[in-house]
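# Structural features, examined
Residues per chain, in single letters:
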Amino acid sequence: MQKIKSLMARQGLKSPQESVVDMSPVESFRTPSKEELRELREQPTDPQAEQEIIDRIEEVYFSSDSFDMVQYELERLPPDLNLLELEEYRDKLKRQQAAVSKRVADLILEKQPSYVKELERVTSLQTNLQLAAVICTNARRQLRSAKEGFTEASLGLLANQRRRQLLTGLLKSLRTIKTLQRTDVRLSEMLEEEDYPGAIQLCLECQKAASTFKHYNCISELNSKLQDTLEQIEEQLDVALSKTCKHFDVSHYTKVQLAYKLLGKTQTAMDQLHMHFTQAIHNTVFQVVLGYVELCAGNADTKFQKMQYKDLCTHITTDSYIPCLTDLCKALWEVMLSYHLTMLWHDEHYKEEEATPGADDSSAEGSDESTVDRSYVKKKLEHGLTRIWQDVQLKVKAYLLGTDVSNFKYDDFIVVLDVISRLMQVGEEFCGSKSEVLQESIKRQSVNYFKNYHRTRLEELRMFLENETWELCPVKYNFSIAQLQEFNFMGQCRSPSVSPSRQLESTELVELSLFEQYLQGGNPFEMQIDNKEEETDDVLASNGYESDELEKSVYQDYDSDSDVPEELKQDYVDEQTGDAPVKSVSRETLRSRKRSDYNLNRANAPILTNTTLNVIRLVGKYMQMMNILKPIAFDVIHCVSQLFDYYLYAVYTFFGRNDMHFQSASLPSQGSQPGASRQVVPIYWYESSGLGLISSRLRTTLSRIQESLIDVEAGGENTGPHASPEDRREKVPSPHLSQLVVLTASDTLYGLAERVVATESLVFLAEQFEFLHLHLDTMMPSAKKPFLQQFYSQTVSTASELRKPIYWIVAAKAIDYEQMLLLMAGVKWDIKEIMSQHNVYVDVLLKEFEKFNQRLGDVSKIVRIPLPVSNVLWEHCIRLANRTLVEGYANVKKCSNEGRALMQLDFQQFLMKLEKLTDLRPIPDKEFVETYIKAYYLTENDMEQFIKNHREYSMKQLTNLVNVCLGSHINKKARQKLLAAIDDIDRPKR
């Protein structure tokens, strides 16, 4: 289109014939005339020859329209001109020009009709554009006339009328705004009069009206002022609400609740109320205690006011302790009474609303909202009972424990119990609580005594363990702990001591509750001091003691053996004398017994020591004490668990800890007991076998015992930060094995008899604890039963798991695995023919097992070896032997298919002979050896999969397997690939 326009502009819409005549010289050179065109058409042409001439034209002629061909040809002339050459070159150019001219002429003639047609369309478009311009000019002229004659006159009148209406509305709005500004003064007056509901009602109406005119700037300031006034009302309302926590007034509380209802914040008010009750409890007890502390201090020292309540309670003197406690309970009673009255107000208010439905709510939506608020308030108040009482208990508990009452006179201590007993009764009537927190704080005094007693018993137990030679204590084959005097109470129906709250409940069942008695005034704690002497008998009975002397006798019953008959003293270790456990059983008593009662080889004869018997009797004493003092049942059971923990830890320390030197990086590495006659087998044989390793549950149990019970500083073993003296007082030093016990002699299988007695006595002790589980569970408080369940599941049940680590050291030293490795190293495995005779090392290993079996029989003559113990020993030995075989095979440098067959022959011979020595089935780790031997025949791909799937083998064993297969059916490239796979598996372990 652009080319057409430029052509039209240049030619001025001339005819095609005229356009040809007006062409410039250059154009005339390029475009032939009519005569020339006619001549060209008349000349016969060869299209192929013509195309060849055109193809030979130089590219420069077609480079651009501005190309000067004359200048180009002149510049190409050679310095020496030759006429013939010039004529020939001219003729060539003429032929080329003629061919191009003919081609151009053909194209012009071909496109000429289209050109003429397009030119006609352009001419028509120009005519239409001129017509459109005329139409637009006429339209603009007519629009100008309409504007002058109609719009400016008629629409101007409408605009003035609209402006008049707007000004009228503005005047009305200004009058309303003036009224709103005057109501702000009235709001301030109503606030001063404490008319909260009226002030809120007026403020809300003003806010609603102000929202209509919020588009005015002055209203935004007024609206902000109204919002500030509303917030001020809420703040004063919150203060008024807090006043009801200490002194409840019905009319005052009614006004406050109505105001919150107008605000639509009934639920928020209830949340704030509970927060104020919590704050009131804190402020009340703090002021009461602070007053007594400053009174006793005798000066106006302000440091007490900055103290925390818990720290402040520690400054109460002995003389002011009871008066302060009484005043504390009086103040807390006022707070709880206010809460009780608050609940009564809401109950009565809701009953009135239900009796007159629709009186307060004018719509169904408002009724639903009111129902939701009632439900929320009711639930909040019910839940708040427990929360308020919990806060009261915590404050009283902090006060009770802030002073050491162990030096109090007995009568004074009874007064404390009486006050707390009455407070617990208040709590039970207040929210049905059993006051566990208060019971916990009261029983601390009993716990303190029991802890001292328990500390002495643990020290004695340590002494017994350190003197124990782990010899079998002869008891009847049908021995049961029920035969001991300490457990006689289990067969008797003893009535538990009556708690204070339950006794008061039974004696005052027909009487009014405390809240009903003191609803109009008075305080249930005002009579405590005056009636102290009258109520002492009741409190004594409710606490399980008839008199001061009886309380002392109960404690003496468990602190002395004076009440135990002499004949029973002869059967166990005297806890007061500290005699060695070996001498604890009277020789005269043993001589008088029949030998038939002590058959050591009976299948069901219990294996236990004097120390085990002592622990069992101690548990019986603890349970007797727990049966009498039920409030401290959990503490007693906790101490009972410590007895078992310490016994378990001692057995592990004596016989198991030194055997675990390779189980983890945190334990000492590669150590052995002094005088060990054989080298401990290498660690890498057992990294993934689980052999000799402590289970995660047992490891956790031992760590817990060491952290919570063992005083490692006393033994000089602690490398961490020093524990505080108070923490160390709750712990016991780790016991040390008696020098009379020898665990390094090979002829006794490295103290196997002592190990069996120690381990199986622990298992027997665990069985007795399982027997007592149900009885302990019934005596344990419900909230503490998870502790007992955890103790049984995590500690008692792990006793049998100590067999593996303890008997492993015997298995590790009983067989000479090192000699077997040396013998295997001397075997030639790259043989060329299949052998029918197994190697010598198999016979040597079997002889070692026969010797082990013989020694095991010798030990069984001293002490019965239970079947589980025998199985563990054989399992350890066989696993060690099988892993030694694999390690020996992994040391082979060269091996043929016949050599692998020989390995299988050796192993089958070993299994066949071994099965005659032991009844253990299946043979442990049998597949471990067979799989490794058969892996020699695997192809490259199967070998790679084998390496990924069998991570029980060490890196050395897998690497040797690849290296031995090199040259037979694995090339060097495959070897590098397999070694890289082994390295990838081993990398995460580093």
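Residues numbered from 1 in each chain as written. Predicted model: local features only at pLDDT ≥ 70, side-chain atom pairs only at ≥ 80, totals over all residues. Heavy atoms only, no water.

The name an unreviewed UniProt entry gives the chain is Syndetin-like isoform X1, with Carassius auratus as the organism.

## Digging into the overall build of the chain
What counts here: Numbering of helices and strands starts at the N terminus; helices are DSSP runs of H or I of at least 4 residues and strands are runs of E of at least 2. The classification of residues rests on relative accessible area computed with a 1.4 Å probe and restricted to protein chains. Under 20% of the type maximum is buried, over 50% is exposed, and intermediate values are partly exposed. Note on definitions: a residue-residue contact is assigned when non-hydrogen atoms from the two residues lie within 4.5 Å. In this description, accessible areas are obtained by the Shrake-Rupley approach with a 1.4 Å probe, and a residue is regarded as covered only by the protein chains that are shown.
When helices and strands are counted, the chain shows 38 helices and 2 strands. For the chain, the proportion of its 990 residues judged to be buried stands at 42%. For the chain, the share of sequence-separated contacts (at least 6 apart) that also reach a separation of at least 24 residues comes to 78%. Carbon and sulfur atoms make up 51% of the accessible area of the chain, which totals about 54,100 Å².

## Examining the packing of aromatic side chains
We count it as follows: Centres within 6.5 Å are what make two rings of Phe, Tyr or Trp a pair, Trp counting through its six-membered ring; a difference in plane orientation under 30 degrees is then read as stacked, over 60 as edge-to-face, and the rest as tilted. A ring is considered to have a charge above it if a Lys NZ or an Arg CZ atom is located within 6 Å of its centre and within 35 degrees of its normal.
Under the defined criterion, the tally for this structure stands at 28 aromatic pairs. Measuring from ring centre to ring centre gives 5.5 Å for Tyr61 and Phe67, while their planes differ by 80°; the resulting arrangement is edge-to-face. Clustering of aromatic rings is evident, with ring pairs tying together Phe849, Phe852, Trp874, Phe907 and Phe910. Seen from the ring of Phe634, Lys784 lies directly overhead, with NZ or CZ sitting 4.7 Å from the centre. The ring of Phe928 has Arg883 lying over it, and the distance from NZ or CZ to the ring centre is 4.3 Å.

## Focus on the environment of Lys443
Here Lys443 is to be found in the loop between helix H16 (436-442) and helix H17 (444-467). Sequence separation of Lys443 and Asp635 is 192 residues, and the distance between their C-alpha atoms is 9.8 Å. The residues contacting Lys443, other than those within four sequence positions of it, are Pro631, Ile632 and Asp635.

## Focus on unusual backbone geometry
For the peptide bond that leads from Arg921 to Pro922, omega is -5°, which places it in the cis range. Take Pro922: it is sitting in the loop between helix H34 (897-917) and helix H35 (926-934). With a phi close to 55°, Trp470 is a non-glycine residue in the positive phi region. Along the chain, the position of Trp470 falls in the loop between H17 and helix H18 (500-507). Relative accessible area serves as the criterion here: at 1%, Trp470 is assigned to the buried category. Even without glycine at this site, Tyr750 takes up a positive phi of about 55°.

## Things to note about the confidence of the model for the chain
As a reminder, the rule being used: Residue-level confidence of the predictor is summarised by pLDDT, bounded by 0 at the bottom and 100 at the top.
In the predicted model, the chain carries a mean pLDDT of 76, and the fraction of residues at 70 or more is 74%. Residue range residues 11-30 is modelled with pLDDT below 50. Its contacts to residues more than four positions away, or to other chains, number 19 contacts. This stretch, residues 528-601, has a pLDDT under 50; its non-local contacts, to residues over four places away or in other chains, come to 124 contacts.

## Comments concerning helix H32 (residues 840-862)
This is how it is decided: Multiply 1.5 Å by the residue count of a helix minus one, and that product is the helix's expected span.
Compared with the 33 Å implied by 1.5 Å per residue over 23 residues, the 34 Å span of H32 between its first and last C-alpha is a close match. Tyr841, Val842, Leu845, Leu846, Glu848, Phe849, Phe852, Leu856 and Val859 are the residues of H32 that are buried. Summarising the contacts, the buried residues of H32 are in contact with helix H28 (752-779), helix H30 (803-814), helix H31 (817-825), helix H33 (867-890) and H34.

## Describing the environment of Trp874
Turning to its location among the elements, Trp874 is positioned in helix H33. In the structure, Trp874 is positioned 63 residues away from Ala811 in sequence and 7.8 Å away in space, judged by C-alpha atoms. Sequence-distant contacts of Trp874, defined by excluding residues within four places in its chain, comprise Phe849, Phe852, Asn853, Leu856, Leu914, Leu917, Thr918 and Leu920.

## Some thoughts on the pattern of salt bridges
Which entries qualify depends on this criterion: Salt bridges are counted wherever a side-chain nitrogen of Lys or Arg sits within 4 Å of a carboxyl oxygen of Asp or Glu.
Evaluated as defined, the whole model comprises 24 salt bridges. With a closest N to O distance of 3.6 Å, Glu50 and Arg103 form a salt bridge. Taken together, the residues Glu50 in helix H5 (residues 47-55) and Arg103 in helix H7 (residues 83-192) connect sequence positions 53 residues apart. Overall, Glu50 belongs to the buried group, its relative accessible area being 11%. Linking Asp925 and Arg883 is a salt bridge whose minimum nitrogen-to-oxygen distance equals 1.8 Å. In this pair, Asp925 sits in the loop between H34 and H35 while Arg883 sits in helix H33, placing the two residues 42 residues apart along the sequence. Assessed through its relative accessible area of 5%, Arg883 is described here as buried.

## Notes on the packing of H31 against H33
Rules: Note on geometry: axes are lines fitted to C-alpha atoms, helical ones only across the stretch in contact, with angles between N-to-C directions running from 0 to 180 degrees. Angle categories are assigned with fixed cut-offs, so that under 35 degrees is roughly parallel, over 145 is roughly antiparallel, 65 to 115 is roughly perpendicular, and the rest are oblique. Helix crossings get a hand from a simple test, with the near helix turned counterclockwise from the far one by less than a right angle marking a left-handed crossing and a clockwise turn marking a right-handed one. Each residue is assigned to one of three groups, with Ala, Val, Leu, Ile, Met, Phe, Trp, Tyr, Cys and Pro labelled nonpolar, Asp, Glu, Lys and Arg labelled charged, and all others, Gly among them, labelled polar.
Remark: H31 packs on H33, axes separated minimally by 9 Å, with the N-to-C direction vectors making an angle of 30°. Comparing their axes, H33 and H31 come out roughly parallel. H33 is crossed by H31, and the crossing has right-handed handedness. Contact residues: H31 offers Tyr817, Met820, Leu821 and Met824, while H33 offers Cys877, Leu880, Ala881, Thr884, Leu885, Glu887, Gly888 and Tyr889. Residue classes in the contact of H31 with H33 are distributed as 9 nonpolar, 2 polar and 1 charged.

## A look at the packing of helix H36 (residues 940-949) against helix H37 (residues 955-965)
Viewed as axis vectors pointing N to C, H36 and H37 meet at an angle of 170°, and their least axial separation amounts to 11 Å. By the criterion of interaxial angle, the relationship of H36 to H37 is roughly antiparallel. In contact with Met943, Phe946 and Ile947 of H36, H37 contributes Leu958, Leu961, Val962 and Cys965. Considering only residue class, the contact of H36 with H37 consists of 7 nonpolar, no polar and no charged.

## Description of the environment of Asn971
Inclusion rule: Under the rule applied, a polar contact is a pair of N or O atoms within 3.5 Å (in protein, one hydrogen donor and one hydrogen acceptor; residues adjacent in sequence only if both atoms are side-chain atoms).
Within the secondary structure, Asn971 is located in the loop between H37 and helix H38 (972-986). The exposure class of Asn971 is partly exposed, given its relative accessible area of 46%. Engagement of the side chain of Asn971 in a polar contact is seen with the backbone nitrogen of Lys973, the distance being 3.3 Å.

## As for a negative patch on the surface
Convention followed: Surface patches are defined over residues having more than 30% relative accessible area and no salt bridge, joining like charges when they lie within 9 Å and nonpolar side chains (Val, Leu, Ile, Met, Phe, Trp, Tyr) when within 5 Å. Charge assignment in this entry is limited to Lys and Arg as positive and Asp and Glu as negative, and neither His nor the chain termini are counted. A charge is said to be at NZ when it belongs to Lys, at CZ for Arg, at CG for Asp and at CD for Glu.
Taken together, Asp347, Glu348, Glu352 and Glu382 make up a surface patch of like negative charges. Per element, the largest residue contribution to the negative patch is 3 residues, and it comes from helix H13 (residues 318-355). Here Glu348 lies in helix H13.

## Looking at the nonpolar core
For clarity, the threshold we go by: Take the buried Ala, Val, Leu, Ile, Met, Phe, Trp, Tyr and Cys residues and link them wherever side-chain atoms come within 4.5 Å; each set so joined is a nonpolar core.
If you look at the biggest cluster of nonpolar residues, it comprises 141 residues, and the most contacted ones within it are Phe644, Leu752, Phe849, Tyr889 and Phe910. Ranked by residues supplied to this core, first place goes to helix H25 (residues 633-655) with 17 residues. Ignoring any residue separated from it by four or fewer positions in sequence, one finds Tyr889 in contact with Met824, Trp829, Tyr841, Met903, Asp906, Val929, Tyr932, Ile933 and Asn960. Formed by 81 residues, the second largest nonpolar core is a distinct cluster that contains Cys203, Phe277, Val289 and Leu385.

## Observations concerning H33
For the α-helix, the turn length of 3.6 residues means that residues three or four positions removed from each other point alike. For H33, built from 24 residues, the straight-helix expectation of 34 Å at 1.5 Å per residue is met to within 8% by its first-to-last C-alpha distance of 34 Å. Across the 24 residues that make up H33, a large majority, 20, are buried.

## Considering the state of the cysteines
The following threshold applies: By disulfide we mean two sulfur atoms from cysteines, separated by a distance within 2.5 Å.
By the definition in use, this model includes 0 disulfides. Cysteine Cys313 is unpaired, with the sulfur of Cys324 as its nearest cysteine sulfur at 7.5 Å.

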